[in-house]
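The chain contents come next:
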Amino acid sequence: MHDDILKWRVGDATITSVPESSDPTSPKFMFSSIDKDGVLDLRSKSPWLAPFVGEKGHLLQKIHCCVIDTGAERIAVDTCVGNDKERGNPLWHEQQGPFLERLSDAGYAPESITHVVCTHLHVDHVGWNTRLVDGEWVPTFPNAEYVFVGIEFDHWSSTEDLFGDPVFEDSVAPIKDAGLANLVGSDHVIGNFVSFESTPGHTPGHISVRVESGGERAIITGDMAHSPIQIANPDLSSSFDTDPDMARATRFEAFARWADGQTLVIGTHFGTPTAGTMHVDGDSYRLETGP
Ligand SMILES: [Zn+2]
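Cut-offs used in this document
Residues numbered from 1 in each chain as written. Predicted model: local features only at pLDDT ≥ 70, side-chain atom pairs only at ≥ 80, totals over all residues. Heavy atoms only, no water. Helix = DSSP H or I, 4+ residues; strand = E, 2+ residues; numbered from the N terminus. Rg over C-alpha atoms; globule rule 2.2 N^0.38 Å. Contact = heavy atoms within 4.5 Å. Areas by Shrake-Rupley, 256 points an atom, 1.4 Å probe, with all protein chains shown as cover. Lys, Arg positive; Asp, Glu negative; His and termini not counted. Charge placed at Lys NZ, Arg CZ, Asp CG, Glu CD. Pairing = 2+ DSSP bridges. Axes fitted to C-alpha atoms, helices over the stretch in contact; angles between N-to-C directions. Phe/Tyr/Trp six-rings, centres within 6.5 Å; stacked < 30°, edge-to-face > 60°. Buried < 20%, exposed > 50% of the residue type's maximum accessible area, 1.4 Å probe, protein only. Donors = N, O, S within 2.8 Å, 3.2 Å for Na, K, Ca; no water. Tetrahedral: all angles 85-135°; square planar, octahedral: opposite > 155°, others 65-115°. Core = buried A, V, L, I, M, F, W, Y, C linked by side-chain atoms within 4.5 Å. Polar contact = N/O pair within 3.5 Å; in protein donor to acceptor, adjacent residues only side chain to side chain. Patch = residues over 30% accessible without salt bridge, like charges linked within 9 Å, V, L, I, M, F, W, Y side chains within 5 Å. Salt bridge = Lys/Arg side-chain N within 4 Å of Asp/Glu carboxyl O. Expected span 1.5 Å × (residues − 1). Arc of directions from axis to C-beta.

1. A few points about the overall build of the protein chain
Tallying secondary structure elements over the protein chain gives nine helices and 16 strands in all. Its C-alpha radius of gyration of 18 Å places the protein chain within 12% of the 19 Å reference for a compact globule of 291 residues. By its C-alpha atoms, the protein chain is 55 × 45 × 35 Å across when sized along the principal axes. Across the protein chain, every contact between residues at least 6 apart in sequence was considered, and the portion connecting residues at least 24 apart equals 65%. Counting only carbon and sulfur atoms, one obtains 49% of the accessible surface of the protein chain, whose full area is about 11600 Å². For the protein chain, the centre of its 20 positive side-chain charges and the centre of its 44 negative side-chain charges are spaced 6 Å apart.

2. Some details on the sheet that holds strand 3 (residues 59-69)
Spatially, seven strands are ordered 1-2-3-4-5-8-9 in an open sheet, and the strand pairing comes out mixed. Looking at strand neighbours, the two that pair on one side only are strand 1 (6-10) and strand 9 (181-184), the edges of this open sheet. In this sheet, adjacent strand axes meet at a mean angle of 25 degrees when their direction is disregarded. Along the sheet face, helix 5 (residues 150-157) touches strand 8 (145-149) and strand 9 and points at about 80 degrees away from the line of strand 8.

3. Side note on the packing of aromatic side chains
Under the defined criterion, the tally for this structure stands at ten aromatic pairs. Seen from their ring centres, F255 and W258 are 6.2 Å apart, and the 50 degrees between their planes marks the pair as tilted. Remark: W258 and F255 occur in helix 9 (residues 244-258); sequence separation between them is three residues, near one turn of the helix. Since its relative accessible area comes to 1%, F255 is described here as buried. On the basis of relative accessibility, which here comes to 0%, the residue W258 falls in the buried class. On the basis of an interplanar angle of 70 degrees and a centroid distance of 5.8 Å, the ring pair of F255 and Y285 is categorised as edge-to-face. Of this pair, F255 sits in helix 9 while Y285 sits in strand 16 (residues 284-288), and the two are 30 residues apart along the sequence. The pair F255 / Y285 is uniform in exposure class, with both members buried. In textbook terms, an aromatic cluster arises when at least three aromatic residues are bridged by ring pairs, as seen for F141, Y146, F148, F153 and F168.

4. Concerning the coordination of the zinc ion
Those donors, D124 (OD), H125 (NE2), D223 (OD) and H269 (NE2), are the protein atoms that reach the zinc ion, and they lie 2.1 Å from it. Taken together, the four donor atoms coordinating the zinc ion span angles of 84 to 167 degrees at the metal, a pattern that classifies the geometry as irregular. Motif for the zinc ion, donor spacing along one chain: D-H-x97-D-x45-H. Neither D124 nor H125 differs from the other in exposure class; each is buried.

5. A word on the nonpolar core
Ranked by internal contacts, the top residues of the largest apolar core, which has 33 residues, are F99, L103, I113, L121, Y146 and F148. Taken together, the elements giving at least two residues each to this core come down to strand 3, helix 3 (99-105), helix 4 (123-126), strand 8, helix 5, helix 6 (167-171) and helix 7 (173-177). Leave out the neighbours within four places in its chain, and I113 touches V67, R74, A76, Y108, F141, N143 and A144. I34, V53, A225 and W258 belong to the second-largest nonpolar core, a separate cluster that totals 27 residues.

6. Observations concerning the side chain of T70
With respect to the element layout, T70 can be found in the loop between strand 3 and strand 4 (74-77). Classification of T70 as buried rests on a relative accessible area of 11%. Within the structure, T70 has its side chain in polar contact with the side chain of E73 (distance 2.5 Å). Those residues in contact with T70 that sit more than four places away from it in its chain are D12, A13, F193 and V194.

7. Quick look at a nonpolar patch on the surface
A contiguous nonpolar patch, built from F29, L162 and F163 and spanning about 260 Å² of accessible area, is present on the exposed surface. Structurally, F163 is set in the loop between helix 5 and helix 6. Using a relative accessible area of 36% as the deciding quantity, one classes F163 as partly exposed.

8. Re the environment of T274
Within the secondary structure, T274 sits in the loop between strand 14 (264-266) and strand 15 (275-281). T274 gets classed as buried once you look at its relative accessible area, which sits at 0%. Separated by 207 residues in the primary sequence, T274 and V67 have C-alpha atoms spaced 14 Å apart. Beyond its immediate chain neighbours, meaning those up to four positions away, T274 contacts L6, W8, F52, K62, H64, V265, I266 and G267.

9. Some words on helix 9
The terminal C-alpha atoms of helix 9 lie 21 Å apart, and with 15 residues this matches the ideal 21 Å at 1.5 Å per residue to within 8%. Looking at helix 9, one finds that the buried residues are A247, T250, R251, A254, F255 and W258. Projection of helix 9 onto a plane perpendicular to its axis shows the buried side chains occupying an angular sector of 120 degrees, all on one side. Among the exposed residues of helix 9, those oriented more than 90 degrees off its buried face are D245 and E253.

Structure, rendered in structure tokens:
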């Protein structure tokens, strides 16, 4: 099994993180208001950030898919960048990675996935919705119901992608055309353990995914926070937020809800160890990632 496959238990459910890629990222790529020195300064004030910040102030980030296995459902949350896609970012252009093999090695062959959830419809969250077969984009998960928030679907069906890439056309529209899309509200529920929390601002219909079982709770953030530095300083909005003020308000509201010391918060782009319990820390928050 790939070294970096992580697994967490939440009551009777498990959540398995299958990575597509892990890269040190310049903070300036995502945040206009903080540079590497600012990140190193924040790390010295908040030592818990150490696993997520490189020696020179890079952010240690990853792109991964979380499979929630409830026994009754196998729900793939966020499908990364994908292979063969035409993308402006050279790291992602016509990528040829072993993600699907890793997913199968982790015990989740594509045919066995019952639901696909995208926290939002950006390029790095929808890629493996489809794969290229004989020149056509076909659903990668042929037996799955793909659950999209209606507001999000409507927004990106009529708005150009961040980087001008044909993301909706190659990774979302073919799912609708194949009859596998279910457009839902931001408070949607799947089975007994899984529900959505509306966390708008990064995009208009952005959601986080809550898993509750046996008195335990986990949250998959999506991109309402890109890096744990936003837990240490929730004021930091990403350059990619559609509505930075709303995104900031969402972070303060959601972190206040999640910082009960019990909830396992799983970051959609946080490098390994990727998850921890959230706690109030002075006038902000911290993630405890220890054993
Ligand atoms: Zn993202």
